[in-house]
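Commentary on secondary and tertiary structure
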Amino acid sequence: MLKAAVRHLLHYHRWYLSLSVAVTLALLPHRESQAPNRHLEDVRDRDFLTVVSRNTPTSYYEGRRGPTGFEYELARRFAEQLGVSLSMETQSDIAGVLDTVASGNADVGAAALTLTPGRADLNYSTAILELQPQIVYRRGLSPVDSAQDLVGLEIAIIRDSGIGEVLRRLQDQFPELSWREAADLEVADLLQRVEDGDLDAAVIFNHQFTLNRLFFPGVDDGVTLGESLSMVWAFPASYGLGLQREANAFFAQLRRDGTLARLVERYFGHEDYLEYVGARTFIRQIQDKLDDYDALFRKAARETGFDWKLLAALGYQESHWEPRATSPTGVRGLMMLTNATAAEMNISNRLDPAQSIDGGARYLREMMDRLQEEVTGDDRLWMALAAYNVGLGHLYDAQKIAEMRGGDPYAWPDVREALPLLQKRTWYSKVRHGYARGGEPVIYVRNIRRYYEILNYVDRSQQQFFQLNERAAGEDGDDGPDYDRIPPIL
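Residues numbered from 1 in each chain as written. Predicted model: local features only at pLDDT ≥ 70, side-chain atom pairs only at ≥ 80, totals over all residues. Heavy atoms only, no water.

A short note on the sheet that holds strand β12 (residues 219-224)
An order of β12-β8-β11-β9-β10-β14 is seen for the six strands of this open sheet, with the pairing classed as mixed. Strands at the two margins of the open sheet, each flanked by one partner only, are β12 and β14 (484-486). Averaged over neighbouring strand pairs, the angle between their axes works out to 30° when direction is ignored. Most of the contacts of helix α6 (residues 163-171) go to strand β10 (residues 179-182), to which it runs at about 160°, and overall it touches β8 (133-138), β9 (155-158), β10, β11 (201-205) and β14. Each of β8, β9, β11 and β12 touches helix α7 (residues 187-196); the most contacted strand, β11, lies at about 155° to it. (Pairing = 2+ DSSP bridges. Helix = DSSP H or I, 4+ residues; strand = E, 2+ residues; numbered from the N terminus. Axes fitted to C-alpha atoms, helices over the stretch in contact; angles between N-to-C directions. Contact = heavy atoms within 4.5 Å.)

What follows is the structure, encoded as structure tokens:
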């Protein structure tokens, strides 16, 4: 008992000592006197900022409209504030990101990094957001309701993510705890291995599970582990503190004006867009039914300028891809067209999938084209989808209500808040088209967005999952080259 307590104290002592040294070195006056703004001046002189990241859904990846991701968005805005262009580079693992920054080959490291005590060659920003380690485990196992339930399970984590330190501290309480660490795997790889039975469990950050859970229905979430860690950016310690301080001021401003909260919500905060069981059903439907209509959605997309996956998401929301679907109000077909809309789109048979998809795509394009020119970007698409559901007149009314309430009638978030008010007499009596079930288009649009998101993920990841399956098929059940095993400390 005494030995465990001493070991525990020494462990924490080493960790806090390393952290204290790193912080102290970063604040020493003689470091400032050397070249406090050298790094910032270099970036402005060369007119570009080099950021090294990892190609992951939570940090930086190529989206349908170009580069995207939470940390890419931060890096882009930071470069704009500095008045320079942005150069993004990637490394395959976290150690590679940190080494690239420490060597001066990148200005900033941004890859869901946590503080790494003991690295005197790096400085760190203030916390960007909190990262909470969480256990995830294979559905069908006994629930993992406590850290002790990890003992005896085959567990893996991503090396250098910061979670290893959490587990090492946990070993002081449960010396028999053991796990595997891998640098060359991503969160999706770990979740796939858990679902396939190669691992019993993994420890990742909860925002990573939120982003990926819909695609791994065989993985369940267990308890959180320890206190949250801070996501930070890394800077080379040898170049002064100018760029680091500029980044800290940048993050402080994003917090004050609400931009950071909005970015967190956009990238990580929409798990409730789609009820979990419904999402799992959707993924099965992709496998079972989408091939029957894939070519029709693609053809309609080419003719109307939409992404075919958006049209497929719209079709699923309307009918679950059932070509003979009929509602009590008389709308029919895969895209659930009314008689009036079918006539307007010159559709003779609403139950014919080709005609229905063609008519629905052209009707959505009409809604887009009839919106005010002030409605731009994704806001234009979300409002067009709402109009597809509730009618353009009611959407205009919601815009008017948004304006009455001091909001922006051309911004979807403000119009989204106004739409449910069409159900309240105090509001619908003030606008032209009167009562509407305004809550429905809000749910309608958010479901389509989530379906669309899943379709984009599946489309983007087909090759990745093929490679995962190939690799999994070649494994023989041992640790293989991907892992280092962290043994018990008995």
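A word on unusual backbone geometry
Not every positive phi belongs to a glycine, and Trp321 is a case in point at roughly 60°. Following the sequence through the fold, Trp321 ends up in the loop between α13 (308-319) and α14 (339-344). In this model, Asn346 sits at a positive phi of 60°, which is unusual for a non-glycine residue.

Description of the packing of helix α12 (residues 294-304) against helix α15 (residues 353-370)
Contact geometry for α12 and α15: axes closest at 9 Å, N-to-C directions at 30°. When the interaxial angle is binned, α12 and α15 end up roughly parallel. For the pair α12 and α15, the sense of crossing is right-handed. Contacts from Leu296, Phe297, Ala300, Glu303 and Thr304 in α12 reach Pro353, Ala354, Ile357, Asp358, Ala361, Arg362 and Arg365 in α15. Residues that form the contact of α12 with α15 fall into these classes: seven nonpolar, one polar and four charged. (Parallel < 35°, antiparallel > 145°, perpendicular 65-115°, else oblique. Left-handed = near helix turned anticlockwise from the far one by under 90°. Nonpolar A, V, L, I, M, F, W, Y, C, P; charged D, E, K, R; others polar.)

Concerning α12
Given 3.6 residues to a turn, an α-helix orients residues that are three or four positions apart in the same direction. Taken residue by residue, α12 has Asp294, Phe297, Ala300, Ala301 and Thr304 as its buried positions. One side of α12 carries all its buried residues, which in axial view fall inside an arc of 135°. Seen from the open side of α12, the exposed residues pointing more than 90 degrees away from its buried face are Ala295 and Arg302. Packed against the buried residues of α12 are α13 and α15. Of the residues one or two after α12, Gly305 is the one with positive phi, at around 85°. (Buried < 20%, exposed > 50% of the residue type's maximum accessible area, 1.4 Å probe, protein only. Arc of directions from axis to C-beta.)

Regarding the pairing of β10
Residues of β10 alternate between two faces, with Trp179 and Glu181 on one and Arg180 and Ala182 on the opposite face, all of them buried. The sheet contact formed by β9 and β10 spans three bridges and is parallel. Within the sheet, the bridge partner assigned to Ile158 lies in β10 and is Ala182. By the bridge criterion, three bridges tie β10 to β14 in an arrangement that is antiparallel. Bridge assignment links Glu181 to a residue of β14, and that residue is Asp484.

Some details on the packing of α15 against helix α16 (residues 377-390)
Where α15 meets α16, the axes come as close as 8 Å, and the angle between the chain directions of the two elements is 120°. Here α15 is positioned oblique relative to α16, judged by the angle of their axes. Of the two elements, α15 crosses α16, and the hand of that crossing is right-handed. For the pair α15 and α16, the contacting residues are Gly360, Tyr363, Leu364, Met367, Met368 and Asp369 in the first and Arg380, Leu381, Ala384, Leu385, Ala387 and Tyr388 in the second. Its residues assigned to classes, the contact of α15 with α16 shows nine nonpolar, one polar and two charged.

Here we look at the pattern of salt bridges
For the structure on display, the rule yields 25 salt bridges. Where Arg46 meets Asp107, a salt bridge forms, and the shortest distance between an N and an O atom there is 2.7 Å. With Arg46 in helix α3 (residues 38-46) and Asp107 in the loop between α5 (94-102) and β5 (108-114), this residue pair connects regions lying 61 residues apart in the sequence. In this structure, Arg119 and Asp121 form a salt bridge, with 3.0 Å as the shortest nitrogen-oxygen distance. In the salt-bridge network here, residues are joined through shared partners; they are Glu73, Arg76, Arg77 and Glu80. (Salt bridge = Lys/Arg side-chain N within 4 Å of Asp/Glu carboxyl O.)

Here's the deal with the packing of aromatic side chains
Overall, the coordinates contain 12 aromatic pairs when judged by the stated rule. Here the aromatic rings of Phe78 and Phe250 are separated by 5.1 Å at their centres, their planes lie at 40°, and the arrangement is tilted. Highlighted residues: Phe78 in helix α4 (residues 70-82) and Phe250 in helix α9 (residues 242-256), separated in sequence by 172 residues. Cation over ring: Arg46 sits above Phe48, and NZ or CZ is 5.3 Å from the ring centre. (Phe/Tyr/Trp six-rings, centres within 6.5 Å; stacked < 30°, edge-to-face > 60°. Lys NZ or Arg CZ within 6 Å of the ring centre and 35° of its normal.)

Considering the confidence of the model for the chain
For the chain, mean pLDDT is 85; residues scoring 70 or higher make up 84% of the total. For residues 1-34, every residue scores under 50 in pLDDT, and the model assigns this stretch 27 contacts once sequence neighbours within four places are set aside. Within the model, pLDDT remains below 50 along residues 463-481, and this stretch shows 22 contacts once partners closer than five positions in the same chain are excluded. (pLDDT = per-residue confidence, 0-100.)

Overview of the side chain of Arg380
One can find Arg380 in helix α16. For the buried Arg380, which has no salt bridge, the nearest side chain bearing the opposite charge is Asp369, at an N-O separation of 5.6 Å. At 2.9 Å, the side chain of Arg380 and the backbone oxygen of Leu371 are in polar contact. Among residues more than four places away in sequence, those in contact with Arg380 are Met368, Asp369, Leu371, Gln372, Glu373 and Val375. (Lys, Arg positive; Asp, Glu negative; His and termini not counted. Polar contact = N/O pair within 3.5 Å; in protein donor to acceptor, adjacent residues only side chain to side chain.)

Re the nonpolar core
Counting 93 residues, the largest nonpolar core has Phe297, Trp321, Leu364 and Leu385 as the members making the most contacts within it. Apart from the residues lying within four places of it in its own chain, the contact partners of Trp321 are Phe282, Gln285, Ile286, Lys289, Leu290, Tyr293, Phe297, Ala312, Gly315, Tyr316 and Leu334. Among the nonpolar cores identified, the runner-up in size contains 53 residues, and Met88, Ile163, Phe205 and Leu225 belong to it. (Core = buried A, V, L, I, M, F, W, Y, C linked by side-chain atoms within 4.5 Å.)

Quick notes on the environment of Arg193
Relative to the assigned elements, Arg193 resides in helix α7. Its relative accessible area of 3% is what places Arg193 among the buried residues. Between the C-alpha atoms of Arg193 and Val219, which are 26 residues apart in sequence, the distance is 9.8 Å.

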